[in-house]
Amino acid sequence: MSNESSLENRLRNLEERLKLLEDERAIRQLINSYGPAVDSGNSAAAADLWTDNGVYDYKMSVNEQVVAQQLDKQGIADMLEARLHQTLIHEGAAHTLGPAYIEIRGDKAIATNYSVIFRRIGMSVTVYRVAANRWELSRTAAGWRADKRVNRLLDGSAETRELLAAATMV
Amino acid sequence: MSNESSLENRLRNLEERLKLLEDERAIRQLINSYGPAVDSGNSAAAADLWTDNGVYDYKMSVNEQVVAQQLDKQGIADMLEARLHQTLIHEGAAHTLGPAYIEIRGDKAIATNYSVIFRRIGMSVTVYRVAANRWELSRTAAGWRADKRVNRLLDGSAETRELLAAATMV
Amino acid sequence: MSNESSLENRLRNLEERLKLLEDERAIRQLINSYGPAVDSGNSAAAADLWTDNGVYDYKMSVNEQVVAQQLDKQGIADMLEARLHQTLIHEGAAHTLGPAYIEIRGDKAIATNYSVIFRRIGMSVTVYRVAANRWELSRTAAGWRADKRVNRLLDGSAETRELLAAATMV
């Protein structure tokens, strides 16, 4: 190989590897901005973490009944403006998202992590909700955004275990 | 553009982008070393995460009164050596800091994250304190250091929500 | 210095610095995949995060007695298949691992972080176990793997504080 083509190969190799690390940082930034957005009441910013056709798919327990939700972008903003969430953040809540296992393939990525919501009740703080999350992401003109976030309670169900099983490294 | 200038542009571009990722790693390292430093009783190392003129600005509830603190570097070390913190770590405590949303502009950076302190009481562990953190950081000759850390309880106050609102991605 | 050697130096410098960031990402991926592996019941994948001679060294409290464990790779898989862990994940558990402070020296690395296990009991979630972790890692032909993971309860003991003290940045 000539020196010139070898040089070109090394530069391209560096550029590709660097791009992957930048993609990973962008995805971490997206995930790490979710909690501050929803806990500060910045509902539009939170909804804008999804693509225009994005979906937030979650299940919650209400009076021991599991209720499934499939929210589109407007539905996410509406849910964050509704009474339940507003009460939560005005009493004091932290939507904490842990470090994610992130797989990137070109313009698509999957990130898997845990979320823990802490809720203030009077002078004490309680663990309100612990869940597993699967983020399906796309590179868009505006940067990485979520096509779908699936959130499942750590309730021992096969469905939640399967969501987590897909994040295996080896 | 000649081959040579094009080559120079690509190298400079790589160098700048790599520097940003290295800066981000250095800031993550700083934040991730705080918990181990204070939980191990390594008070000097914890204080050294701040610049010489650095400030730790936090509020705590004492008997349902909120007490504001503005500690300088020596004040941070003193607080960590004082009875309250020493009791905490000798009974068993974990000052956990979550993944941060990090914005870097040249030699300055802002990082926003949640902190959760777990405290051992006998054979059980309790959630002792959940807070939002804003880290204002500078590049120094010794690496990145904190000019200011603002820590506010997740208590539903407008002040805490505003701290988090500043971390919005989009 | 000639242009050519200067160019070679810049390329090598970029390649080395990029490799360190890639190593750090690989180590974060390893740690972030542990929780999903064990909570999904993927015991073989969890055990494969260790090298062939790897050890998981942990202490647990059983009826107020501290029991020390030194598990090899098969022992890790067996522990995860045993009744205690299977009960935990079928009732609902989240083995969350926080962001790690990571030092890399060539083909060896040390990562230090906190782990918090949340456990579902009926309709509520409790903090089941909070611990400090020291991961001793090696680069292998298959990527980074753990030679040893030491896990110690945040119980106020000198041993746990010493584990954390080793992670000091400055």
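Details of the structure are given in the entry above.
Described in the following lines is the structure provided in the data block. The residue numbers shown here count from 1 along each chain, following its written sequence. In the order they appear in the text, chains get letters beginning with A and ligands get numbers beginning with 1. Note on the predicted model: pLDDT of at least 70 is required for a residue's local features to be given, and 80 or more for side-chain atom pairs to be given and counted; whole-chain, interface and lining totals, by contrast, use all residues. Side-chain numbers come from the whole structure's heavy atoms, not from hydrogens or water.

### Brief notes about the relation of the copies chain A and chain B
- C-alpha atoms of residues with pLDDT of at least 70 in both copies form the basis for the least-squares superposition of the copies. After a rotation of 120° and a shift along the axis of 0.0 Å, chain A superposes on chain B with an RMSD of 0.0 Å. In short, the pair behaves as if placed about a three-fold rotation axis.

### Considering the environment of C:Thr51
Residue and element names in this part refer to chain C.
- The helix count covers DSSP runs of H or I at least four residues long, the strand count covers runs of E at least two residues long, and both are numbered beginning at the N terminus. Along the chain, the position of threonine 51 falls in strand β1 (residues 50-62).
- Expressed as a C-alpha distance, the spacing of threonine 51 and threonine 126, which sit 75 residues apart in the sequence, is 33 Å.
- Note on contacts: a residue pair qualifies if any of its non-hydrogen atoms lie within 4.5 Å across the two residues. Once you skip the residues sitting within four places of it in the chain, threonine 51 turns out to touch Lys73, Thr140, Arg145, Ala146 and Asp147.
- Of the polar contacts made by the side chain of threonine 51, one reaches the side chain of aspartate 147; its length is 3.3 Å. Between N or O atoms, a polar contact is any pair within 3.5 Å; within protein, one atom must be a potential hydrogen donor and the other a potential acceptor, and residues adjacent in sequence are included only when both atoms are from side chains.

### Section: the packing of aromatic side chains
Residue and element names in this part refer to chain A.
- Pairing of aromatic rings covers Phe, Tyr and Trp, the last counted by its six-membered ring, and requires centre-to-centre distances within 6.5 Å; plane angles under 30 degrees mean stacked, over 60 mean edge-to-face, and any other angle means tilted. For the structure on display, the rule yields 15 aromatic pairs over all chains.
- With 6.3 Å between their ring centres and 75° between their planes, tyrosine 34 and tryptophan 135 make a pair best called edge-to-face. On the criterion of sequence distance, the pair formed by tyrosine 34 in helix α1 (residues 3-39) and tryptophan 135 in strand β6 (residues 124-140) is long-range, its members being 101 residues apart.
- The buried category is assigned to tyrosine 34, whose relative accessible area is 5%.
- Considering the side-chain rings of tyrosine 56 and tyrosine 58, the 4.8 Å spacing of their centres and the 40° angle between planes classify their relative orientation as tilted. Working definition: with a 1.4 Å probe on protein chains only, accessible area under 20% of the residue-type maximum means buried, over 50% means exposed, and in between means partly exposed.

### A look at helix α3 (residues 73-81) of chain A
- Listing the buried residues of α3(A) in full gives A:Lys73, A:Gly75, A:Ile76, A:Ala77 and A:Leu80.
- For α3(A), the elements touching its buried residues are α1, α2 (43-47), β1 (50-62), β2 (65-71) and α4 (83-91) of chain A.

### Quick look at the interface of chain A and chain B
- Every contact between the two is made by 42 residues of chain A and, on the other side, 31 residues of chain B.
- In this assembly, chain A packs against chain B so that about 3,200 Å² is buried in total across both faces, 64% of it on carbon and sulfur atoms.
- A side-chain nitrogen of Lys or Arg and a carboxyl oxygen of Asp or Glu constitute a salt bridge if their distance falls within 4 Å. Remark: the boundary between chain A and chain B carries 5 salt bridges.
- For A:Arg25, the salt bridge goes to B:Glu24, with nearest N and O atoms at 3.1 Å.
- Where chain A meets chain B, there are 12 residue pairs in polar contact (both at pLDDT 80 or more).
- Secondary-structure elements contributing two or more residues to the side of chain A that touches chain B are α1, α4, β3 (93-97), β5 (108-121), β6 and β7 (143-153) of chain A.
- At 19 residues, α1(A) tops the list of elements feeding residues into the side of chain A that touches chain B.
- For this classification, the nonpolar set comprises Ala, Val, Leu, Ile, Met, Phe, Trp, Tyr, Cys and Pro, the charged set comprises Asp, Glu, Lys and Arg, and every other residue, Gly included, is treated as polar. Taken together, the residues of the side of chain A that touches chain B break down into 19 nonpolar, 11 polar and 12 charged. Defined in terms of a 1.4 Å probe, buried area is the accessible area two parts forfeit on being brought together, summed over both.

### Observations concerning the pairing of strand β6 (residues 124-140) of chain C
Residues and elements named next belong to chain C.
- Any two strands with at least two DSSP-identified bridges between them are counted as paired. Direction of pairing for strand β5 (residues 108-121) relative to β6: antiparallel, over a ladder of 14 bridges. When the bridges of β6 are listed, lysine 108 appears paired with serine 138.
- Where β5 folds back onto β6 in an antiparallel hairpin, the turn is made up of 2 residues, including glycine 122, whose phi is positive at roughly 65°.
- Relative to strand β7 (residues 143-153), β6 runs antiparallel, the two being bridged by 10 bridges. If you follow threonine 140 over to β7, its bridge partner there is glycine 143.
- The loop that links β6 with its antiparallel partner β7 comprises 2 residues.

### What to know about the packing of helix α1 (residues 3-39) of chain B against helix α1 (residues 3-39) of chain C
- Each axis is a line fitted through C-alpha atoms, and for a helix only the stretch in contact is used; angles between axes span 0 to 180 degrees, taken between their N-to-C directions. In the contact formed by α1(B) and α1(C), the axes pass within 11 Å of each other and the chain directions differ by 35°. α1(B) and α1(C) meet at a crossing whose hand is left-handed. Contacts between α1(B) and α1(C) involve B:Leu7, B:Glu8, B:Leu11, B:Arg12, B:Leu14, B:Glu15, B:Leu18, B:Lys19, B:Leu21, B:Glu22, B:Arg25 and B:Arg28 from the first element and C:Leu7, C:Arg10, C:Leu11, C:Leu14, C:Arg17, C:Leu18, C:Leu20, C:Leu21, C:Glu24 and C:Arg28 from the second.
- Grouping the amino acids of the contact of α1(B) with α1(C) by side-chain chemistry returns 11 nonpolar, no polar and 11 charged. With the far helix as reference, a near helix turned anticlockwise by less than a right angle produces a left-handed crossing, and one turned clockwise produces a right-handed crossing.

### Remarks on the interface of chain C and chain B
- Taken residue by residue, the interface counts 31 residues in chain C and 41 residues in chain B.
- Where chain C packs against chain B, one counts 12 residue pairs in polar contact (both at pLDDT 80 or more).
- Counting residues per element, the ones that place at least two in the side of chain C that touches chain B are α1, β4 (101-105), β5, β6 and α5 (158-165) of chain C.
- Ranked by residues supplied to the side of chain C that touches chain B, first place goes to α1(C) with 10 residues.

### Here's the deal with the pattern of salt bridges
- Applying the stated criterion to the full structure yields 51 salt bridges over all chains.
- When the shortest N-O distance is used, the salt bridge between B:Lys73 and B:Asp52 registers 3.2 Å. Here B:Asp52 lies in strand β1 (residues 50-62) and B:Lys73 lies in helix α3 (residues 73-81), a separation of 21 residues in the sequence.
- On the accessibility criterion, B:Asp52 (64% relative accessible area) is exposed.
- Salt bridges sharing common partners tie together A:Glu24, A:Arg25, A:Arg28, B:Glu24, B:Arg25, B:Arg28, C:Glu24, C:Arg25 and C:Arg28.

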